Amino acid sequence: MAPAQVPDCDIAVVGGGLLGSALAWGLQRLGQKVAVLDEGDVAYRASRGNFALVWVQSKGLGLPEYAAWSKRSSDGWRHFADLLKAQTGRDVAFQRPGGFHLCLSERELEARAALLKRLHNQPNMVRYPYEILARAELERLLPGIGPEVAGASYCPLDGHCNSLRLLLALHAGMQDLGARYFPDRLVERIEPRQGGFRLVSKAGELQAGKVVLAAGNGNARLAPMVGLKAPVRPQRGQIIVTEKVRPFLAYPIATLRQTDEGGLLIGDSVEEAGFDDTVGHGVISTLAARAVRSFPALAGLNVVRSWAALRVMTADGFPIYEQSASFPGAFIATCHSGVTLAANHALVLAPMLAAGELAAELDVFSARRFDVSTAA
Amino acid sequence: MFRRLPDAKRDTVSLTVDGNALTARAGDSVAAALLAAGVLVCRTSAVSETPRAPYCLMGVCFECLLAIDGRQNRQACLVQVADGMRIETQAGKREVGR
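As the structure is a prediction and not an experimental result, all values here were calculated from the model.

Caption draft 1: Highlighting the overall build of chain B. Across its full length, chain B holds one helix and seven strands. Each helix and strand of chain B, ordered N terminal to C terminal, gives the series β-β-α-β-β-β-β-β. Over its C-alpha trace chain B gives a radius of gyration of 13 Å, about what one expects of a compact globule, namely 13 Å for 98 residues. With the C-alpha coordinates of chain B rotated into their principal frame, the extents come out at 40 × 25 × 20 Å. Every one of the 98 residues in chain B was classed for burial, and the buried ones make up 34%. Of all intrachain contacts in chain B linking residues separated by at least 6 positions in sequence, the fraction that spans at least 24 positions is 41%.

This is the structure:
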């Protein structure tokens with residue numbers, strides 16, 4: 001190991017997306033000296049392509065602790081949004097009216113009910129309310145649903161926000177508090193040293209006391225440099241946005257929501273396409289067709305844009321939070337729900353990083369859980 | 001503000017703008033007809049609700065949106081006037097179904 005040097009910062013956050021900036025904001029609030037090393041505009045940036053749901057229902061089948069973690073973040077989101085507003089003056093348009101998952105046939109509705117029943121029957125499952133609504137009830141809450149809509153699941157904990165404004169507010173907020181932000185700093189190497197880490201990029205190097213990897217799909221490359229593992233892969237999602245319209249949808253739906261500025265987002269496709277983030281007509285057509293079957297009046301709207309972005313996905317779909325056993329002070333944080341979990345990352349995880357230790361409750365999110373299958 | 005070229009000799013077309021009668025020339029785009037008649041504001045914008053007028057006149061900028069024959073958010077610069085056409089300037093965002 002190379003000799004110790006005076007660190008440039010207490011903690012380096014690798015990645016300036018929603019996860020990295022939420023951590024950086026939370027850490028800097030606690031008085032840590034934070035440096036954020038980000039890529040440039042060419043980065044595969046899930047944080048700029050997401051659907052912006054703050055979502056709880058149906059999460060955690062196979063890992064009830066993830067359901068509890070999601071619920072906790074949803075419960076903390078109002079406070080989180082208020083803190084951001086008070087500090088930066090930016091309203092991230094968080095709303096939690098509850099959310100729906102629409103089913104377009106009786107068969108879909110039965111499958112949905114069975115899935116949620118299995119989820120909530122798990123041992124150690126966190127308790128929260130949800131309902132399966134038949135069509136008659138749904139018509140009152142969501143006027144304009146199409147004749148094929150058989151029903152829906154509803155959970156009062158679900159909500160949404162303006163996620164682009166969230167990213168902006170976190171960046172403004174963390175820098176206002178004193179965090180240093182370095183764009184165009186793709187980290188090429190991380191070298192553990194006495195008392196910290198040396199982060200090397202083409203634009204220069206930085207000494208940090210601690211380091212947290214929040215680089216999304218880039219974590220797969222970075223984690224082994226500090227004795228960690230990040231088995232994540234890109235998973236493509238495509239989204240359509242319509243022209244802005246007057247208030248039409250009072251609730252977010254898993255595949256359709258109206259932004260605070262009026263545009264309707266249609267999304268929630270899932271494809272395995274590697275690092276190909278191009279839009280495909282087949283998927284876009286299917287998304288549009290399902291949206292029109294859900295609300296026939298949408299057929300007359302003009303589409304403004306469509307895009308694809310890459311989720312950061314583990315084999316089981318759950319996050320990874322872990323501290324390196326071989327190089328303490330190096331942490332990894334990765335998930336595909338950077339919006340939903342932003343409140344937890346800023347207000348729960350950041351204090352643990354500041355203290356240098358993850359709480360035992362996060363043990364279940366260690367990447368060690370993936371070792372079982374390779375040994376079998 | 002705008003004057004027609006003196007040599008433009010075309011048939012006239014009658015339409016209404018917000019209920020008021022307006023005469024245009026056949027072949028005019030709706031945007032050109034409005035500008036020639038001195039109707040400079042076609043709508044207010046979707047978020048800040050500030051006045052907007054036709055701008056690029058070639059289908060690119062989407063500033064000239066208004067309602068034509070009951071359908072909102074149509075591009076006035078890309079639609080030709082027709083006899084009996086009903087034009088309405090638009091306030092803010094479109095409504096779903098209109």
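Caption draft 2: Inspection of the overall build of chain A at higher detail. Each helix and strand in chain A was counted, giving nine helices and 17 strands. For 376 residues, the compact-globule estimate of 2.2 N^0.38 gives 21 Å, and chain A sits close to it at 21 Å. Once the C-alpha set of chain A is aligned to its principal axes, its extents read approximately 70 × 45 × 40 Å. Expressed as a percentage of the 376 residues in chain A, the buried residues total 47%. Taking all contacts inside chain A whose residues are at least 6 apart in sequence as the whole, residues at least 24 apart take part in 74%.

Caption draft 3: Representation of the interface of chain B and chain A in the model. In this complex, chain B contributes eight residues to the contact, which on the side of chain A involves 12 residues. In the side of chain B that touches chain A, the residues fall into three nonpolar, two polar and three charged.

Caption draft 4: Seen up close, unusual backbone geometry. Residue and element names in this part refer to chain A. Located in the positive-phi region is Ala52, a residue other than glycine, with phi close to 70°. Its identity as a non-glycine residue notwithstanding, Asp184 has a phi of 55°, on the positive side. With respect to the helices and strands, Asp184 occurs in the loop between strand 8 (180–182) and strand 9 (187–193). Asp184 sits in the partly exposed class, given 14 other C-beta atoms within 10 Å.

Caption draft 5: Summary view of the nonpolar core. Counting residues in each nonpolar core, the largest one holds 106 residues, and the members touching the most others are Ala12, Leu23 and Val211 of chain A. Counting residues per element, this core draws most heavily on helix 8 (residues 342–355) of chain A, at eight residues. Setting aside chain neighbours within four positions, we find Val211 of chain A in contact with Ile11, Ala12, Val14, Ile190, Phe197, Leu199, Val226 and Ala330 of chain A. Counting residues in hydrophobic clusters, the runner-up holds 20 residues, among them Leu15, Leu65, Ala76 and Ile87 of chain B.

Caption draft 6: Here's a closer look at the environment of Ser324 of chain A. Residues and elements named next belong to chain A. Counting through the fold element by element, Ser324 comes out in the loop between strand 16 (320–323) and strand 17 (330–334). A residue is classified by how many C-beta atoms lie within 10 Å of it, and Ser324, with 19 of them, is partly exposed. Along the backbone, Ser324 and Ser366 are 42 residues apart, and their C-alpha atoms lie at a distance of 10.0 Å. Residues contacting Ser324, with those up to four places away along its chain left out, are Val226, Gly227, Leu228 and Ala330.

Caption draft 7: Looking closely at the packing of helix 2 (residues 64–88) of chain A against helix 8 of chain A. Residues and elements named next belong to chain A. Running from N to C, helix 2 and helix 8 cross one another at 85°; their axes reach a closest spacing of 7 Å. As summarised for this structure, helix 2 and helix 8 are arranged roughly perpendicular, according to the angle between their axes. Counted together, Trp69, Arg72, Ser73, Gly76, Trp77 and Phe80 of helix 2 and Ala342, Ala343, Asn344, Ala346 and Leu347 of helix 8 form the full contact between these two elements.

Caption draft 8: Molecular detail of the sheet that holds strand 6 (residues 71–75) of chain B. Residues and elements named next belong to chain B. Taking strand neighbours across the sheet as the criterion, the five strands line up as 2-1-7-5-6 in an open arrangement whose pairing is mixed. Of all strands in the sheet, those bounded by a partner on one side alone are strand 2 (20–25) and strand 6. Neighbour-to-neighbour, the strand axes of this sheet turn through a mean angle of 40°, independent of strand direction. Across three bridges, strand 5 (residues 65–68) lies against strand 6 in antiparallel orientation. When the sheet's bridge partners are listed, Leu66 is paired in strand 6 with Arg74.

Caption draft 9: Up close: the packing of helix 1 (residues 18–29) of chain A against helix 5 (residues 163–177) of chain A. Residues and elements named next belong to chain A. Look at helix 1 against helix 5: their axes get within 9 Å of each other, and the N-to-C directions meet at 30°. One way to sum up the angle between helix 1 and helix 5 is to call them roughly parallel. Handedness of the helix 1/helix 5 crossing: left-handed. Taken together, the residues of helix 5 that come into contact with helix 1 (itself represented by Leu18, Ser21, Ala22, Ala24, Trp25, Gln28 and Arg29) are Leu166, Leu167, Leu170, His171, Gly173, Met174 and Leu177.

Caption draft 10: Expanded view of the pairing of strand 5 of chain B. Residue and element names in this part refer to chain B. With burial as the criterion, each face of strand 5 is covered, one bearing Leu65 and Ala67 and the other bearing Leu66 and Ile68. Where strand 5 folds back onto strand 6 in an antiparallel hairpin, the turn is made up of two residues, including Asp69, whose phi is positive at roughly 50°. Of the strand pairs in this sheet, strand 5 and strand 7 (residues 85–88) are connected by two bridges, and their pairing is antiparallel. Note that in strand 7 the partner of Ala67 across the bridge is Glu88.

Caption draft 11: Inspection of the sheet that holds strand 12 (residues 232–244) of chain A at higher detail. Residues and elements named next belong to chain A. On the basis of which strands lie adjacent, the open sheet formed by four strands has the order 13-14-12-15 and antiparallel pairing. Of all the strands in the sheet, just strand 13 (256–258) and strand 15 (303–314) have a single pairing partner and so form its edges. Across the sheet, the mean angle separating the axes of adjacent strands is 25° when strand polarity is ignored. For strand 12 and strand 14 (residues 263–266), the ladder comprises three bridges, and the chain directions are antiparallel. Paired with Lys244 across the bridge in strand 14 is Gly263.

Caption draft 12: Representation of the pairing of strand 4 (residues 99–103) of chain A in the model. All names here are of chain A. Most of strand 4 is tucked away: five of the five residues are buried. In strand 4, alternate side chains face the same way, and those of Gly99, His101 and Cys103 on one face and Phe100 and Leu102 on the other are all buried. By the bridge criterion, five bridges tie strand 4 to strand 6 (residues 151–155) in an arrangement that is antiparallel. Note on strand 6: the bridge partner recorded for Gly99 is Cys155.

Caption draft 13: Fine view of the confidence of the model for chain B. Summary statistics for chain B give a mean pLDDT of 95 and a share of 99% for residues scoring 70 or more. Here the predicted complex scores 0.93 on pTM and 0.89 on ipTM.

Scoring rules and cut-offs
- Here the residue numbering is sequential within each chain, running from 1 through the sequence in written order.
- Working convention: letters from A go to chains and numbers from 1 go to ligands, in the order in which they are written.
- Note on the predicted model: pLDDT of at least 70 is required for a residue's local features to be given, and 80 or more for side-chain atom pairs to be given and counted; whole-chain, interface and lining totals, by contrast, use all residues.
- Elements are defined by DSSP. Helices are runs of H or I of four residues or more, strands are runs of E of two residues or more, and each kind is numbered from the N terminus.
- Radius of gyration: C-alpha atoms only; globule rule: 2.2 Å multiplied by the number of residues to the exponent 0.38.
- Exposure in this text rests on C-beta crowding, where 20 or more other C-beta atoms within 10 Å of a residue's own make it buried, 12 or fewer make it exposed, and counts in between make it partly exposed. The C-beta atoms are placed from the backbone.
- Placing a C-beta atom from the backbone of each residue, one calls two residues in contact when those atoms lie within 7 Å.
- Lys, Arg, Asp and Glu make up the charged group, whereas Ala, Val, Leu, Ile, Met, Phe, Trp, Tyr, Cys and Pro make up the nonpolar group; the residues left over, Gly among them, are polar.
- Each nonpolar core consists of buried Ala, Val, Leu, Ile, Met, Phe, Trp, Tyr and Cys residues. Their C-beta atoms, within 7 Å, join them into a set.
- Whenever a helix is involved, its axis is fitted only over the stretch in contact; in every case the axis is a line through C-alpha atoms, and angles between N-to-C directions fall within 0 to 180 degrees.
- Geometric relationships in this document are graded by angle, where less than 35 degrees denotes roughly parallel, more than 145 denotes roughly antiparallel, 65 to 115 denotes roughly perpendicular, and other angles denote oblique.
- Pairing between strands is defined by DSSP: at least two bridges between the two strands are required.
- Each crossing is labelled by how the near helix is turned from the far one, with a counterclockwise turn of less than a right angle marking it left-handed and a clockwise turn marking it right-handed.
- A score from 0 to 100, pLDDT tells how confident the predictor is in each residue.

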